[in-house]
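Summary of the model geometry
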Amino acid sequence: MLKIEHIFKTFNTGTVNEKRALTDLCLTLEDGDFATIIGSNGAGKSTLFNAIAGSFYTDSGFIELDGQDITFEQEHVRSRYIGRLFQDPLMGTAPHMTIEENLSVAYLRANEHKRGLFSHVSKAEREKFRQQLSLLDMGLEDRMDHPVGLLSGGQRQALTLLMATMVTPKILLLDEHTAALDPSTAAKVLELTKKIVAENHITCLMVTHNMNQALELGNRTLMMNSGNIVFDVKGEERSHMTIQDLLDKFEERAGKGLNNDRILLSTKEGV
Amino acid sequence: MTGFLTAGIVRTALEVGLIYSLVALSLFISYSILNICDLSTDGCYTLGCAVGAIITIAGHPFLAIPAAMLAGICSGYVTALLQTKFGVESILAGIIVNTGLYTVNLAVMGFSSNVSIFGTDTIFSLFKGLSDSSFWKDWSALILLAVIVVLVCALIKWFLGTTLGLSIRATGDSPAMVRASSINPIFTITVGLCFSNSLTGLAGCLIGQYNKTCDINLGTGMVTIALASLVIGETLCGRGKMIVRILGMVIGSCLYRFIISIALRLNVPTEAFKLVSAVIVAIAIAAPRAKQLIAFKHKQLTAMQERKAMRGGRADA
């Protein structure tokens, strides 16, 4: 369970570039919640993810994960139980290392304490990696000694997804992780995401600019505007909502239209 | 061949090349693997030499080796500390440490700019004393160095395959991924720099015992030489398998010494030596790009001729 209480974050405090990125944001995610997040450009979606993942410390407020206060825990410590995917498929993997080596580094999250610093990848682990890769259905299990840099963006993002979830995280943060992929690859990665999240019952937050996804995926939709969550819908009410309802709701709550260029484009196209 | 390059010259080039290859391997770890420009190499090399020389004079040529490596580790630790904990730019951290090491080195050498270890046993003289054959007298130093370098290469290959080694590689390759994988980049950078500088210290110790002298300016320009070897190695051996890359450093380093030996044989005046080194480095770095450029120009020319031929054909028709 993720519990965020009254967090604030201001960048460049006291300068002309002062940016209040998060203002008094509260959010509680139940175990197994899969919430999608939509919002204008600069609404603070990525900042929220950075705050949860620990890329910076918040100015005030606190963040709790499974009853443990992680507000001032360092990023690499938190990442042991927080999985994260970026929009840029190249960010989550090391291009000059092989698939096996990448997986092995990701696998550290599980047994850093059990595995010695000077141990090598064991046969059992290699077999586990191969079996996990085969679930992606991309033929990567036969290319385990290929450098990741040779893979396509979609393959790399699928691999990152596997790396983030190989050790089941307490929460998975997906920051428009399919936005930079071509439509068919994006659909495939999304399918995989749904499957992995459902199978492992992972609590998940996903930023998207696709209004359909925002309503269809998961069990909860959050709308963000100027550093806060302005609309939170789930259950019965959510199942009846249309994209137009969502846009109207946003206008009502934020006092302005949704100005995310990509959202508008994808809505007009009716994607 | 024998007239121009005698066996002695080849041997010396190989011996010094092998010692320098340790510095190239050190830069391989910091520069190629960790993606950090560690410019403290010059000072650290001299530090290894000074520490090694002093302990050798005290009568412990073998103890000198771990001591010099330990000194290198300390130097690497300070460099790492500056850039991880205090946010100093990596290049600047190296330069600061390098500057500070000058005084440290002088202090180690008892505030004299030159220490001679003539007349004391070195690992080379002890190794040479194992046999009386003339072959052994000539080649023992090279054999000893080859053994050391092979051991170091094996150690690096093994280390980079361990959990810790993989974490270090990932740190240099994809910082975002590292943070998402519960690896502490501060820890991996520190370990990486300590390891790389221990090799520089080892190289300094070996060159001190090899030349039986240590000079405060010994390390000047070492980073350039090591970078040259590194670039030559990467140009020749590519960026493929780890073991090939590691061996590439050794090959590049030996090759560099050969080029220098040839320059020496051609009677290039000593004053011009640094310039020759710089030119070699520049050529080595520019070579891959030049090769590409020539290939492209060639392609362009062929394409243009083909088009001309086609147009000409149509005009005739």
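Bear in mind that the values here come from a model prediction, so they are computed numbers and not experimental data.

Residues and elements named next belong to chain B. Looking at chain B, the domain boundaries give domain 1 (7-267) and domain 2 (275-317). For domain 1 versus domain 2, the distance between C-alpha centres works out to 39 Å. Of the residues lining the interface, eleven residues belong to domain 1; the matching set on domain 2 comes to eight residues. Listed by contribution, the elements that provide at least two residues to the side of domain 1 that touches domain 2 are α10 (222-237) and α11 (242-265). Broken down by element, the side of domain 1 that touches domain 2 gets its largest block of residues, seven residues, from α10. Residue classes in the side of domain 1 that touches domain 2 are distributed as eight nonpolar, three polar and no charged.

Moving on: the environment of Ile 189 of chain B. Residue and element names in this part refer to chain B. The topology assignment puts Ile 189 in helix α9 (residues 185-211). Distance from Ile 189 to Val 51, taken between C-alpha atoms, is 25 Å for residues 138 residues apart in sequence. In this structure Ile 189 touches Leu 34, Ile 36, Ala 80, Thr 84 and Thr 171, once residues within four positions along its chain are discounted.

Residues and elements named next belong to chain A. Its place among the elements puts Thr 178 in the loop between β7 (171-175) and α6 (183-200). Accessibility expressed as a C-beta count within 10 Å gives 25 for Thr 178, which makes it buried. With residues up to four places along the chain from it excluded, the contact list for Thr 178 reads Ala 186, Val 189 and Leu 190.

Residue and element names in this part refer to chain A. Contact geometry for helix α5 (residues 153-165) and α6: axes closest at 10 Å, N-to-C directions at 10°. As judged from the angle between their axes, α5 and α6 are roughly parallel. Of the residues in α6, those touching α5 at Gly 154, Gln 157, Ala 158, Leu 161 and Thr 165 are Thr 185, Lys 188, Val 189, Leu 192, Thr 193, Ile 196 and Asn 200. By residue class, the composition of the contact of α5 with α6 is five nonpolar, six polar and one charged.

Analysis parameters
- Residues numbered from 1 in each chain as written.
- Chains lettered and ligands numbered in written order.
- Predicted model: local features only at pLDDT ≥ 70, side-chain atom pairs only at ≥ 80, totals over all residues.
- Domains from an automatic or database assignment.
- Contact = placed C-beta atoms within 7 Å.
- Helix = DSSP H or I, 4+ residues; strand = E, 2+ residues; numbered from the N terminus.
- Nonpolar A, V, L, I, M, F, W, Y, C, P; charged D, E, K, R; others polar.
- Buried ≥ 20, exposed ≤ 12 C-beta atoms within 10 Å, placed from the backbone.
- Axes fitted to C-alpha atoms, helices over the stretch in contact; angles between N-to-C directions.
- Parallel < 35°, antiparallel > 145°, perpendicular 65-115°, else oblique.

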